[in-house]
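Chain and residue survey
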Amino acid sequence: MKSLLDDAACRAAEYLASLPERRVAPAPEAVQRLAALDVPLQDEPRDPQRVLAELDELVTPATMAMAGPRFFGFVIGGSLPAALAANWLAGAWDQNAGLYSVTPGVAHLEQVVLRWLNDLFGLPAGTTGAFVTGATMANFTALAAARHRVLQRAGWNVEADGLFDAPPVTVVVGEEVHITVLKALGMLGLGRNRVLRVPVDAQGRMRAAELPRIAGPTIVCVQAGNVNSGAFDPIAQVCERAREAGAWVHVDGAFGLWAKTSPRYAQLVRGVERADSWSTDAHKWLNVPYDCGIALVRDPHALAAAMAIQAAYIPSADADRNPFDYTPEFSRRARGVEVWAALRSLGRGGVAAMIERNCAAAQRFAERLRAAGCEILNDVTLNQVLVSFGEPDETNRVIAAIQADGTCWTGGTVWQGRTAMRISVCSWATTEADVDASVAAMLRVRDEVL
Ligand SMILES: Cc1ncc(COP(=O)(O)O)c(C=O)c1O
């Protein structure tokens, strides 16, 4: 076992050391070589060291350098050293993190992390939470608590009786709601399409003045951090209107909630503590390895009512909090471990510094690209930059060329009718030199393809 794990550690360290220099997207030949994996499963066992070598030789070259400093696609983030190392140790522990009495170490750690997160995000005392796979499931989990509470207030027990014959629930979202909130609503039987959509402004922010009149069981979903522009809905205003009318307010803060940790950017999420639930990711801006999202809910009873189940063979809850009373999963890995390690290694100041460094890098991208004649389509208030290189086809050609070039990786989008390159800076490892090298590559390929 020891020599196998040493071998894995050596290979992983070599991989990480290669990231700043290697091309970001895998070479086409490396992707073609994956065909060598397409073999029938053999009858005999294989030496684990050979298995590891085969994995490394065939799959490592076909990975995207998402853990490196110049991957700017989607909203991804790398892995902080402490978080990655903790992930390995937790893999060796192999804890099923559902019950405190059975896995006290990791269950305790998760309680500590939830307290730290409440503190970092300035959420109300008593807010509880759940560690899930990502913001999609965090939205699902928090919205399940919302569904429970708004229907319970209308005299309906949705967990027991389902949605057949239940009072209708009104769900309000911004026109720019993230697709995963709609997916979560669909999974909860609340429907992807029967939402009321509030118009947005040029940055994608909900126009609070255009919120519909709220009556009856209602859930309002706001967004902290638009996946394209990085903009924030006016959370304080929406909370005031919605909560006065008895609605539940949910904040999708997959990456934007982390703005709260920085004194410089916290005003973007002003009023966030007035909401009822929040979802965020640790695998994005906190830079823990995939996968880790977190649902936070002000009312622990609402979340437990939606999630807790019992059986004779399960030790009943005592003074200690059983994590699985709050998660959709019965069995799961102890995701809080990496979050604890990331927060413990960075401290409050380190989290804020990482957020601010990434936002400054986004500004640097925007300034340099604008100076070179590119059009920046959004107000760069956070870590997201939308760039037009001209006509849609021209922008698409530059995006394809930068992906093939390998210096960095950015994706594309259509922002309010305009085709754009989408740059998202959220890796702890990105430096100013990485931004400058990436801008230089973008301008070089632009001149080649246009
Ligand atoms: C605003 C927002 N919400 C939700 C999600 C979904 O997150 P995940 O992919 O972790 O489920 C994303 C992903 O980018 C996002 O930007």
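What counts as what
Per chain, residue numbering runs from 1 following the sequence as it is written. A pLDDT threshold of at least 70 governs which residues receive local features in this predicted model, and a stricter bar of 80 or more applies before side-chain atom pairs are shown or counted, although totals over entire chains, interfaces and linings include all residues. Side-chain descriptors were evaluated using all non-hydrogen atoms of the structure, hydrogens and water having been removed beforehand. For helices the rule is a DSSP run of H or I covering at least 4 residues; for strands it is a run of E covering at least 2, with both sets numbered from the N terminus onward. For this measure, only C-alpha atoms enter the radius of gyration; the expected value for a globule follows 2.2 Å times N^0.38, where N is the number of residues. Relative accessible area decides the class of each residue, using a 1.4 Å probe on protein chains only: under 20% of the type maximum gives buried, over 50% gives exposed, and in between gives partly exposed. Here, nonpolar core means buried Ala, Val, Leu, Ile, Met, Phe, Trp, Tyr and Cys residues that are tied together by side-chain atoms lying within 4.5 Å of each other. Working rule for contacts: check all heavy atoms of both residues, and any pair within 4.5 Å makes them a contact. An axis is simply a line fitted to the C-alpha atoms; with a helix, the fit covers only the stretch in contact. Between two such axes, the angle follows the N-to-C directions and lies from 0 to 180 degrees. To sort the angles, those under 35 degrees are grouped as roughly parallel, those over 145 as roughly antiparallel, those from 65 to 115 as roughly perpendicular, and the leftovers as oblique. Here a crossing is called left-handed whenever its near helix is offset anticlockwise from the far helix by less than a right angle, and right-handed whenever the offset is clockwise. Residues are grouped as follows: Ala, Val, Leu, Ile, Met, Phe, Trp, Tyr, Cys and Pro are nonpolar; Asp, Glu, Lys and Arg are charged; every other residue, Gly included, is polar. Note on pairing: two strands pair once DSSP finds at least 2 bridges between them. One less than the residue count of a helix, multiplied by 1.5 Å, gives the span that helix is expected to have. Any residue with a heavy atom positioned within 4 Å of a molecule or strand is treated as near that molecule or strand. Under the rule applied, a polar contact is a pair of N or O atoms within 3.5 Å (in protein, one hydrogen donor and one hydrogen acceptor; residues adjacent in sequence only if both atoms are side-chain atoms). Only the protein chains shown count as cover for residues, and the accessible areas themselves come from Shrake-Rupley with a 1.4 Å probe. For this analysis, a ring pair means two rings from Phe, Tyr or Trp (six-membered ring only for Trp) whose centres lie within 6.5 Å, classed as stacked if their planes differ by under 30 degrees, edge-to-face if by over 60, and tilted for the remaining angles. We count a charge as sitting over a ring when the NZ of a lysine or the CZ of an arginine lies within 6 Å of the ring centre and within 35 degrees of the ring normal.

Let us look at the overall build of the protein. Within the protein, the regular secondary structure consists of 13 helices and 11 strands. For 450 residues, the compact-globule formula gives about 22 Å, and the C-alpha radius of gyration of the protein, at 23 Å, lands near that figure. Taken along its principal axes, the extent of the C-alpha atoms in the protein is 65 × 60 × 45 Å. For the protein, the residues scored as buried account for 55% of the 450 residues in total.

Attention now goes to the nonpolar core. In summary, soluble globular proteins display a tendency toward joint burial of nonpolar side chains. Counting 55 residues, the largest nonpolar core has Val220, Trp258, Leu286 and Leu382 as its most contacted members. Counting residues per element, the ones that place at least two in this core are helix 5 (104-121), strand 4 (218-223), helix 9 (235-244), strand 5 (248-252), strand 7 (293-297) and helix 11 (336-371). In contact with Trp258, other than residues within four places in its own chain, are Leu117, Leu120, Phe121, Thr280, Asp281, Trp285, Leu286, Val351 and Ile355. Core analysis: the next-biggest nonpolar cluster, separate from the first, contains 36 residues, Val158, Val169, Val181 and Leu303 among them.

For Glu329, the position within the fold is in the loop between helix 10 (300-307) and helix 11. Once residues within four sequence positions are removed from consideration, Glu329 is found in contact with Phe131, Val132, Thr133 and Phe324.

This part covers the packing of helix 12 (residues 392-405) against helix 13 (residues 432-449). Contact pair helix 12 / helix 13: the axes reach a minimum separation of 9 Å and the direction vectors enclose 120°. Regarding the angle of helix 12 to helix 13, the classification is oblique. Relative to helix 13, the crossing made by helix 12 is right-handed. Facing helix 12, whose interface residues are Arg397, Val398, Ala401, Ile402 and Asp405, helix 13 presents Ala441, Met442, Arg444, Val445, Arg446 and Val449. Tallied by class, residues from the contact of helix 12 with helix 13 come to 7 nonpolar, no polar and 4 charged.

Turning to the packing of helix 6 (residues 135-153) against helix 10, a few remarks are in order. Closest axis-to-axis distance for the helix 6/helix 10 pair is 8 Å, and the angle between their directions is 100°. Viewed along their axes, helix 6 and helix 10 adopt a mutual orientation that is roughly perpendicular. Along its contact with helix 6, which presents Phe140, Thr141, Ala144, Ala145, His148 and Arg149, the element helix 10 presents His301, Ala302, Leu303, Ala305, Ala306 and Met307. Classifying every residue of the contact of helix 6 with helix 10 gives 8 nonpolar, 3 polar and 1 charged.

Another point: the pairing of strand 4. With 6 of 6 residues buried, strand 4 lies mostly within the body of the structure. Burial along strand 4 is two-sided: the face carrying Thr218, Val220 and Val222 and the face carrying Ile219, Cys221 and Gln223 are both buried. Sheet topology places strand 2 (residues 170-174) next to strand 4; 4 bridges connect them, and they run parallel. Paired with Thr170 across the two strands is Thr218, which belongs to strand 4. Inspection of the sheet shows strand 4 paired to strand 5 by 5 bridges, in the parallel sense. Paired with Val220 across the bridge in strand 5 is Val249.

Note that an α-helix has 3.6 residues per turn; residues three or four places apart therefore point the same way. Across its 12 residues, helix 3 (residues 48-59) extends 16 Å between first and last C-alpha, which sits within 8% of the 16 Å expected from 1.5 Å per residue. Here helix 3 has its buried residues at Leu52, Ala53, Asp56 and Leu58. At its buried positions, helix 3 is contacted by helix 1 (2-18).

Attention shifts here to the site of the ligand. Taken together, the neighbourhood of the ligand is formed by 13 residues, with Thr136, Asp252, Asp281, His283 and Lys284 sitting nearest. One of the side-chain nitrogen or oxygen atoms of Thr136 is found 2.5 Å away from an oxygen atom of the ligand. One nitrogen or oxygen atom from the side chain of Lys284 is found 3.0 Å from an oxygen atom belonging to the ligand. Out of a free accessible area of 400 Å², the ligand has 84% covered by protein chains. Here the residues of the shell around the ligand are counted per class, giving 4 nonpolar, 6 polar and 3 charged.

The next subject is the sheet that holds strand 8 (residues 375-376). Read from one edge of the open sheet, 4 strands run 8-9-11-10, paired in antiparallel fashion. Two strands close off the open sheet at either side, each with one partner strand: strand 8 and strand 10 (411-415). Here strand 8 runs beside strand 9 (residues 384-388); their pairing, made up of 2 bridges, is antiparallel. Note that in strand 9 the partner of Ile376 across the bridge is Val387. Set on the sheet, helix 11 makes contact with strand 8, strand 9 and strand 11 (418-424); between it and strand 9 the angle comes to about 15°.

For the rest of this paragraph, the subject is the sheet that holds strand 3 (residues 196-198). Spatial strand order, 1-7-6-5-4-2-3: 7 strands in an open sheet with mixed pairing. Both outer strands of the open sheet, strand 1 (128-132) and strand 3, are each paired with one neighbouring strand and no more. The sheet shows a mean angle of 20° between the axes of neighbouring strands, taken without regard to direction. Inspection of the sheet shows strand 2 paired to strand 3 by 3 bridges, in the parallel sense.

Throughout the structure, instances matching the rule amount to 7 aromatic pairs. Judged by centre distance (5.0 Å) and plane angle (80°), the rings of Phe72 and Phe365 are edge-to-face. With Phe72 in the loop between helix 3 and helix 4 (81-93) and Phe365 in helix 11, this pair connects stretches of sequence that are 293 residues apart. Both residues of the pair, Phe72 and Phe365, belong to the buried class. Three or more aromatic residues joined by ring pairs make a cluster, and in this case those are Phe71, Phe74 and Trp409. Against the face of Tyr326 rests Arg321, its NZ or CZ located 4.1 Å from the ring centre.

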